[in-house]
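One-letter residues, chain by chain:
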Amino acid sequence: MKKIIFPALFLMLVPSFSHGAGYVQVNCGSGGEVDGISYGLEMGGIFLSPYHPNGGAFSMGLGISIADTDEDPPAAPLKKYNDGNEQEIYASFGAEITPAFFGVAGIGYASQDIVKPGTGLDNIKETDTETNASWLFGMRYVVEWFNIGVGYHSRRGIMAGIGVAF
């Protein structure tokens, strides 16, 4: 957890040094490859926004999300099953298309523990960790004290988020 807190705090402090703005957004997704509900938190900065004479603001953020993918495998070893939640860390980048309206894209890394029930008398389970690269794209509307967005995530499906910009 410390690995996430310090970079996120840095991203929130850098905008204040560069005369930019910061944002915090909570996300919820459904569908996609995971096919379960996911929840996330993203923190970042919006640079060049209120002080840049020609507009052209951009944003950078760091986020985490957890998808509810836990399955209860039957006794017969038919396939591998998800064991617990899928965790992801991602970076997002945005560019202002019109004032306060951003196009956003991002990349991430997700990991999921999987288990395959054992066979025969020994009933030994096979466990492994599955990793996946992920991507996202979407749109955000950001004004002071308000941030709302919608988009698509390759693992999480349709995602919606709401938060604050300061």
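So, a few notes on the structure that sits alongside this text. Since the structure is predicted, the reported quantities are computational estimates derived from the model, not experimental observations.

Right, let's talk about the overall build of the protein chain for a bit. Looking only at helices and strands, one finds one helix and nine strands in the protein chain. Each helix and strand of the protein chain, ordered N terminal to C terminal, gives the series α-β-β-β-β-β-β-β-β-β. Burial analysis of the protein chain (166 residues in total) assigns 39% to the buried set. Partitioning the intrachain contacts of the protein chain with sequence separation of at least 6 by distance along the chain shows that 53% fall at a separation of at least 24.

Next up on the list: a nonpolar patch on the surface. Together, L48, F58, M60, F93, I107, W135, F137, V150, Y152 and I158 make up a nonpolar patch on the protein surface, roughly 920 Å² of accessible area in all. For the nonpolar patch, the secondary structure elements donating two or more residues are β3 (58-67), β7 (126-143) and β8 (146-153). Among the secondary structure elements, F137 is positioned in strand β7.

In this section: the nonpolar core. Among the nonpolar cores identified, the biggest contains 10 residues, and these are A21, Y23, I46, A57, Y90, F102, V104, L136, V142 and A165. Looking at this core, the elements with two or more residues in it are β1 (21-30), β6 (101-116) and β7.

The grouping of D83, D113, E126, D128 and E130 at the surface amounts to a negative patch. Examining the composition of the negative patch, we find that three residues originate from one element, β7, more than from any other. With respect to the secondary-structure elements, E130 resides in strand β7. Under the relative-accessibility criterion, E130 is labelled partly exposed at 34%.

Two side chains with opposite charge may pair up if their charged atoms get near one another. Throughout the structure, instances matching the rule amount to five salt bridges. Residues R156 and E86 are paired through a salt bridge, measuring 2.4 Å at the closest nitrogen-oxygen approach. Pair noted here: R156 is in the loop between β8 and β9 (157-165) and E86 is in strand β5 (residues 86-98), with a separation of 70 residues, a long-range link. E86 gets classed as buried once you look at its relative accessible area, which sits at 1%.

On to the pairing of β8, then. Judged by which residues are buried, β8 turns out to be one-sided: N147, G149, G151 and H153 face inward and are buried, whereas F146, I148, V150 and Y152, on the alternate face, are not. Connecting β7 to the antiparallel partner β8 that follows it, the hairpin turn spans two residues, and W145 within it adopts a positive phi of roughly 70°. Taken together, the seven bridges between β8 and β9 define a ladder with antiparallel strand orientation. Along β9, the bridge assignment pairs H153 with G157.

Each value, and the rule that gives it
- Residues numbered from 1 in each chain as written.
- Predicted model: local features only at pLDDT ≥ 70, side-chain atom pairs only at ≥ 80, totals over all residues.
- Heavy atoms only, no water.
- Helix = DSSP H or I, 4+ residues; strand = E, 2+ residues; numbered from the N terminus.
- Buried < 20%, exposed > 50% of the residue type's maximum accessible area, 1.4 Å probe, protein only.
- Contact = heavy atoms within 4.5 Å.
- Patch = residues over 30% accessible without salt bridge, like charges linked within 9 Å, V, L, I, M, F, W, Y side chains within 5 Å.
- Areas by Shrake-Rupley, 256 points an atom, 1.4 Å probe, with all protein chains shown as cover.
- Salt bridge = Lys/Arg side-chain N within 4 Å of Asp/Glu carboxyl O.
- Core = buried A, V, L, I, M, F, W, Y, C linked by side-chain atoms within 4.5 Å.
- Lys, Arg positive; Asp, Glu negative; His and termini not counted.
- Charge placed at Lys NZ, Arg CZ, Asp CG, Glu CD.
- Pairing = 2+ DSSP bridges.

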